[in-house]
Amino acid sequence: MGLSAGSAFVVVRRWRRAGAQQPGPHPTDVEATARRFLLLERTSGAKESGVHALMMTETGVPVVMGLLARVNPLVLTTMGAAAIAHGATAVYDVWLATGEREVRPIEQHIHSFLEVLPLTALAFTACLHPDQVRSTLRGGPRPQDWRLLPKERPLPPAYLAGLACVIGLGVVVPYAEELRRCLRARPAAA
């Protein structure tokens, strides 16, 4: 004896309302797994998110200098120091994450890619300014070598404003949102 279409609809509706018969999230559920991977607040938390903010700062300072300042030994040295600091912080970030969760090969590969970006930017800048590289290697003997000076031909303000918007929306907002989620999910102190 089968159910009519109307009776089957009523049974399904009651079953959905009851909720008790619906299975809870399983540790291998694809949606739950994806959420754990993407939402750090339930895994590594605010500490890892703070490390991400530090790495963005380590990258951001030399980028701003390169966009606004004349490339000289001060700027090149800052870029090199920031690249080294960024690499060390990235290693710490992975070490921190592996203590809290599984770090899959694709995430390790992404970290490797991100680690070389500051070095790549330094290499391109050095190629464009070989005279300043030579000056840096000689210790920057001139007084202007260690001063932060504006570019002789500054980038157009509209270009800088557009770039600031892209960086704000594509970097600052997502990382700030990640940190906000992590802080909100932090267990209350007893």
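The structure this text deals with has already been given above.
To start, this report covers the structure provided alongside it. (Residues numbered from 1 in each chain as written. Predicted model: local features only at pLDDT ≥ 70, side-chain atom pairs only at ≥ 80, totals over all residues. Heavy atoms only, no water.)

1. A look at the overall build of the protein
Across its full length, the protein holds seven helices and zero strands. In the protein, which comprises 190 residues, the proportion classed as buried is 26%. Put simply, 77% of the contacts in the protein that link residues at least 6 apart link residues at least 24 apart. Summed over its atoms, the accessible surface of the protein is roughly 13,100 Å², and 67% of this surface lies on carbon and sulfur atoms. (Helix = DSSP H or I, 4+ residues; strand = E, 2+ residues; numbered from the N terminus. Buried < 20%, exposed > 50% of the residue type's maximum accessible area, 1.4 Å probe, protein only. Contact = heavy atoms within 4.5 Å. Areas by Shrake-Rupley, 256 points an atom, 1.4 Å probe, with all protein chains shown as cover.)

2. Things to note about the layout of surface pockets
Approximately 980 Å³ is the volume attributed to the largest pocket. Lining of the largest pocket is provided by 36 residues; of these, Thr 59, Gly 60, Pro 62, Val 63 and Val 64 occupy positions nearest its centre. Elements that contribute at least two residues to the lining of the largest pocket include exactly helix 3 (45-68), helix 4 (73-100), helix 5 (105-128) and helix 7 (157-185). For the lining of the largest pocket, the leading source of residues is helix 3, giving 13 residues. (1 Å grid on protein atoms, 1.4 Å probe; cavity = no way out; pocket = protein on both sides within 12 Å on 5 of 7 lines; lining within 4 Å. Points joined across faces, edges and corners; volume = space filled by probe spheres on them.)

3. A short note on the pattern of salt bridges
The tally for this structure, following the rule as stated, stands at five salt bridges. The residue Arg 104 makes a salt bridge to Glu 102 at a minimum N-O spacing of 3.2 Å. Take Arg 104: its relative accessible area is 44%, and that puts it in the partly exposed class. Three or more residues joined by partner-sharing salt bridges are found here, namely Glu 177, Arg 180 and Arg 181. (Salt bridge = Lys/Arg side-chain N within 4 Å of Asp/Glu carboxyl O.)

4. A look at helix 7
Side chains of residues three or four places apart in an α-helix project in the same direction, reflecting 3.6 residues per turn. With 29 residues, helix 7 extends 40 Å from end C-alpha to end C-alpha; this agrees with the ideal 42 Å at 1.5 Å per step. The sharpest bend along helix 7 reaches about 40° and sits at Gly 168. Turning to helix 7, its buried residues number three or more, namely Gly 168, Glu 178, Arg 181 and Cys 182. (Expected span 1.5 Å × (residues − 1). Bend = angle between axes of the 7 residues up to and from the residue.)

5. As for the packing of helix 3 against helix 7
For the pair helix 3 and helix 7, the least separation of the axes is 9 Å and the interaxial angle reads 165°. Here helix 3 lies roughly antiparallel to helix 7, going by the angle between them. Where helix 3 crosses over helix 7, the handedness of that crossing is left-handed. For the pair formed by helix 3 and helix 7, the contact residues are Gly 45, Ala 46, Ser 49, Gly 50, His 52, Met 56, Leu 67 and Leu 68 on the first element and Leu 160, Leu 163, Val 171, Tyr 175, Glu 178, Leu 179, Cys 182 and Leu 183 on the second. (Axes fitted to C-alpha atoms, helices over the stretch in contact; angles between N-to-C directions. Parallel < 35°, antiparallel > 145°, perpendicular 65-115°, else oblique. Left-handed = near helix turned anticlockwise from the far one by under 90°.)

6. Observations regarding the side chain of Asp 93
Position of Asp 93 relative to the elements: it lies in helix 4. What makes Asp 93 buried here is its relative accessible area of 1%. Among all residues touching Asp 93, those that are not within four sequence positions of it are Glu 48, Val 51, His 52, Met 55 and His 111.

7. A few points about the environment of Arg 101
Along the chain, the position of Arg 101 falls in the loop between helix 4 and helix 5. Sequence spacing of Arg 101 and Ser 44 is 57 residues, and the spatial spacing of their C-alpha atoms is 7.1 Å.

8. Some points on the packing of helix 3 against helix 4
Interaxial distance between helix 3 and helix 4 falls to 9 Å at its minimum, and their mutual angle equals 165°. By the angle class used here, helix 3 and helix 4 are roughly antiparallel. Crossing geometry of helix 3 relative to helix 4 is assigned as left-handed. Split into classes, the residues belonging to the contact of helix 3 with helix 4 amount to 15 nonpolar, six polar and four charged. (Nonpolar A, V, L, I, M, F, W, Y, C, P; charged D, E, K, R; others polar.)

9. Looking at a nonpolar patch on the surface
Among the surface-exposed residues, Ile 106, Ile 110, Phe 113, Leu 114, Val 116 and Leu 117 lie close enough to one another that they form a single nonpolar patch of about 530 Å² accessible area. By secondary structure assignment, the location of Val 116 is in helix 5. Taking relative accessible area as the criterion, Val 116 reaches 40% and is therefore assigned partly exposed. (Patch = residues over 30% accessible without salt bridge, like charges linked within 9 Å, V, L, I, M, F, W, Y side chains within 5 Å.)

Distances and angles like these do not, on their own, reveal function.
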